[in-house]
Each structure stands twice: as structure tokens, then as C-alpha cells.
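# Observations on chain architecture
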Amino acid sequence: MNFRFKRPTGAVVASALAALLAASAVHAQEIKELNVLVPSERATSDYPVFVAEELGFYADEGLKVNFLPSDTTVPYLAFLLNSQADLVVLDPAQVTQAVNAGQEVSVIYEFMQLAPEGLAVPADSPIKTLADLKGKTIGMASDRDTVTAFIALSTVGMTTDDVKLVVIGDAGPVIVKALRDGAIDAYAGGSNELPAIVSGGIPIRNLTPPEISENPGNNFVILNSRKDELRESVVGFLRAWNKASNAAVLDLTTTAAITQKIVPEQWEDPSLGNFIIRQSAYELLLQRTRLRGEPQPDVWERLQGPFLKMGEITEVYDPATFLDASFIEPAMEYETSEVKEALAEWRTANPEFVTTP
């Protein structure tokens, strides 16, 4: 039997060629890796870390983002200086200390424009004001919270010499026991610890003054010498981060579902998980400047006063020397519809995780 083969038509050839070219373009696209160090790479409070991954935003930018383990005793700045990390997140004290030490670094994006740190007492405590803390014991998540206590007390004319500071860690059950046993009278900690106290059965009263909360609590920092080398990748990362941050504002239900899928252990108590995701979306990660994450020179100038008094820095520095807003505008170049479509696709693909928060 003889077989006759038909010559492919022009349309078929064109279609095949287009497919080959598209495939070649995908393979030709270089996947760039970015090493990033954030305080909590697996925490509901820092949901953009994994929401951007789940919704494909890093991949859309041609990026593979490696979040380095945050549980380390090595200062985050060291990871930046030895190029183990391309970006690190530092709080204001760490940023100004680095500048004071002559390190050539820049804040390029204010990750949290409201500080997550706070100072609280049990709701039924006789301590009603910050002034009532004189002679009392304040438990802290870590030594870094000394700054929180100092700034809070300074608003009522006190210093950390007027109280006793003890580090008890950030484990919810330990904090709750210390408060119940009277080992501490107040607690200074962050966005994960304070809700854990409430979850442990102790309602709290927040004594945090605006001087603490109205600060850029967490900031993406880069080495000045690597800006040109990393600019394209960092802009892509920040664009993906912006989209993921905005996801919770556009659709809290789906964003909460993503966090439940990735960190189910933080949703064993749904009320705590919902409290944290809402606080992050509508307070800590809420856009507070014209463009999301835009560095605020006036705030950075103001916050250096207490650091100078504490001896954390030796002088006040011009914010223009360590703030760089050049990454902000290109990182905002996306359409809200892109985020909505990605959320809808995720819901369709993960119906078992979508519940009402």
C-alpha cells in the first residue's frame, strides 16, 4: 500500500513556527534568582512572601526568589554585606545604626509603613498609662524591643532605667504564663506576639504611643554598590510584592485561604489567624504614601531623635543619604485586573481552601 503525504499548508507551517518561536523564547528567558532575608518568611503577618509565589507573580517577572531562613543570630546586615542576601529587611534602628557605622546602604521600599512593635498590658491591669509602668517589669521578645520600650517611656519623661526589662522570648504560652504569674507587668513585642497573648486568653490594653507606631517598621535595604546589577530583578520583585500586598485589600477571603494553605499551623485558632491577616492587610501593610512603599524622608528625620538619645547613633543623618525612591514607580507598573484574575484562578484551582474568614 502506498501512502501519500500532504505538504503542510502555509497556515500550518506558520502555526508550528510560532509555537517553536514561543517555546524558544521561554527557554531563552533567563530565570534570575534573588536571595531575600525577611523577619518571618513563613508568617501570616508577612503574607506577600508566599502569596506572590502562589499567584505566580515572581514567575511573571522571570524570578526565582529564595527566602533565606530568618531564624538566625547573625545580624541581617551581615548577610547583605557579604552578598549572601541581595535584599534584607531592617527596622529603623538597624538602618540608622548601619548608616552610623558608615555602611553604604539604602532603604528602597518601606515594607511596613506602620511599626508592628507595641507595648501592652493585660486589660484588667491596674496600669492605665505609660507613667504607671514606673518600677514595673516589662517582658520583651528580644533585646531589639529595648528601643520600643525606650521610645514609649520617653513620651512620658521616663527612661528604661525607670523599669526592669527582661527578655522572655516570643512564644505565646511563655508570655501568657509570665503575665498570669505576675513575672512581668507588661510586654513589648511585635505583630505576632501581641495577638498570641489574646489567643492565650488574656485580653490586652495597648499602651503604644504614636511615636512608636507611626514609623516604617520594616524596610527593604540594598547595598549601594549592587543597585545597578540588581535593579531589574529588584524592581520585578517589588512589583510582585506590591501585587501580593494588594491582593488582601482586593480579596481578603482568598488571601486568607492562601495563608491557611501555606502555614496551616498559624490557623489552628481561626480567630487568631483572621486577626493577624486583617491587621496586616488593613494596618501594617496598608499603603500610606502616594505610591506603595515610598520612603518618607520626614519620618526618617524625626525618628532619629530617640536613637540619638539612646546612643544608638552618634549624629542625625540627612535621609537623602540613605533613602532611594528610584525603584518605587517602576514597581507600581501593573494593573489591578492582573491581581484579580490571579486570585480568581487560584480560587478555581484550590476550592478546598476557600472559606469565609
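Whatever comes next refers back to the structure up there.
Residues numbered from 1 in each chain as written. Predicted model: local features only at pLDDT ≥ 70, side-chain atom pairs only at ≥ 80, totals over all residues. Heavy atoms only, no water.

## What about the environment of asparagine 206?
Take asparagine 206: it is sitting in strand 9 (residues 204-206). Linking asparagine 206 and tyrosine 187, residues 19 residues apart in sequence, is a C-alpha distance of 9.9 Å. Discounting chain neighbours no more than four positions away, the residues touching asparagine 206 are Leu119 and Ala120. (Helix = DSSP H or I, 4+ residues; strand = E, 2+ residues; numbered from the N terminus. Contact = heavy atoms within 4.5 Å.)

## So, the sheet that holds strand 8 (residues 186-189)
Across the sheet, which stays open at both edges, the five strands sit in the order 7-6-8-5-9 with mixed pairing between neighbours. What marks the edges here is a single partner per strand, and that holds for strand 7 (164-167) and strand 9. Neighbour-to-neighbour, the strand axes of the sheet open up by a mean angle of 30°, direction not taken into account. As paired elements, strand 5 (residues 118-122) and strand 9 share three bridges and run antiparallel to each other. (Pairing = 2+ DSSP bridges. Axes fitted to C-alpha atoms, helices over the stretch in contact; angles between N-to-C directions.)

## Overview of the pattern of salt bridges
Within this structure, the stated rule accounts for 12 salt bridges. Between arginine 239 and glutamate 61 there is a salt bridge, with its nearest N and O atoms 2.7 Å apart. A residue pair is termed long-range when its members are at least 10 positions apart, and arginine 239 in helix 10 (residues 227-250) and glutamate 61 in the loop between helix 3 (57-60) and strand 2 (63-67) qualify at 178 residues. Of the residues examined, arginine 239 reaches a relative accessible area of 15% and is grouped as buried. A single network of salt bridges, built from pairs that share partners, joins Asp86, Arg226 and Glu229. (Salt bridge = Lys/Arg side-chain N within 4 Å of Asp/Glu carboxyl O. Buried < 20%, exposed > 50% of the residue type's maximum accessible area, 1.4 Å probe, protein only.)

## Description of the layout of surface pockets
Empty space among the atoms becomes apparent when a probe as large as a water molecule is rolled across them. Size it by volume and the largest pocket reaches roughly 1300 Å³. Residue lining of the largest pocket: 47 residues in total, with Pro39, Glu117, Ser142, Arg144 and Asp145 positioned closest to the centre. Put simply, the parts of the chain that give the lining of the largest pocket at least two residues each are helix 4 (76-81), helix 5 (92-100), helix 6 (145-154) and helix 8 (193-199). It is helix 5 that provides the largest number of residues to the lining of the largest pocket, a total of five residues. Looking at the second largest pocket, its volume works out to about 270 Å³. Elements with a contribution of two residues or more to the lining of the second largest pocket: helix 8, strand 9 and helix 12 (270-284). Looking at the lining of the second largest pocket element by element, the count peaks at four residues for helix 12. (1 Å grid on protein atoms, 1.4 Å probe; cavity = no way out; pocket = protein on both sides within 12 Å on 5 of 7 lines; lining within 4 Å. Points joined across faces, edges and corners; volume = space filled by probe spheres on them.)

## Digging into the packing of helix 5 against helix 13 (residues 297-310)
Close contact between helix 5 and helix 13 brings their axes to 11 Å; oriented N to C, the two are set at 85°. As far as their axial angle goes, helix 13 and helix 5 are roughly perpendicular. Taking contact as the criterion, the partners of Pro92, Ala93, Val95 and Thr96 in helix 5 are, on helix 13, Trp300, Leu303, Gln304 and Phe307. In the contact of helix 5 with helix 13, the residues fall into six nonpolar, two polar and no charged. (Parallel < 35°, antiparallel > 145°, perpendicular 65-115°, else oblique. Nonpolar A, V, L, I, M, F, W, Y, C, P; charged D, E, K, R; others polar.)

## Considerations on unusual backbone geometry
In this model, serine 83 sits at a positive phi of 65°, which is unusual for a non-glycine residue. Within the secondary structure layout, serine 83 lies in the loop between helix 4 and strand 3 (87-90).

## Considering the sheet that holds strand 3
Ordered by their spatial adjacency, five strands build an open sheet running 2-1-3-10-4, and the pairing between neighbours is mixed. Edge positions in the open sheet fall to strand 2 and strand 4 (105-112), since each of these has one partner strand only. In this sheet, neighbouring strand axes are inclined to one another by 30° on average, regardless of whether the strands run parallel or antiparallel. Sheet analysis places strand 1 (residues 32-37) next to strand 2, joined by five bridges and oriented parallel. When the bridges of strand 2 are listed, leucine 34 appears paired with valine 65. Together, strand 3, strand 4 and strand 10 (218-223) form the strand contacts of helix 5, whose direction differs from that of strand 3 by roughly 115°.

## A look at empty space enclosed by the protein
Under the criterion given, the structure shown has one cavity of 30 Å³ or more. Put simply, the largest cavity is a space of about 50 Å³. Taken together, 13 residues form the lining of the largest cavity, with Glu110, Phe111, Leu285, Leu286 and Arg292 sitting closest to its centre. Every element with two or more residues in the lining of the largest cavity is listed here: strand 4 and helix 10. It is strand 4 that provides the largest number of residues to the lining of the largest cavity, a total of four residues. A class-by-class count of the residues in the lining of the largest cavity yields seven nonpolar, four polar and two charged.

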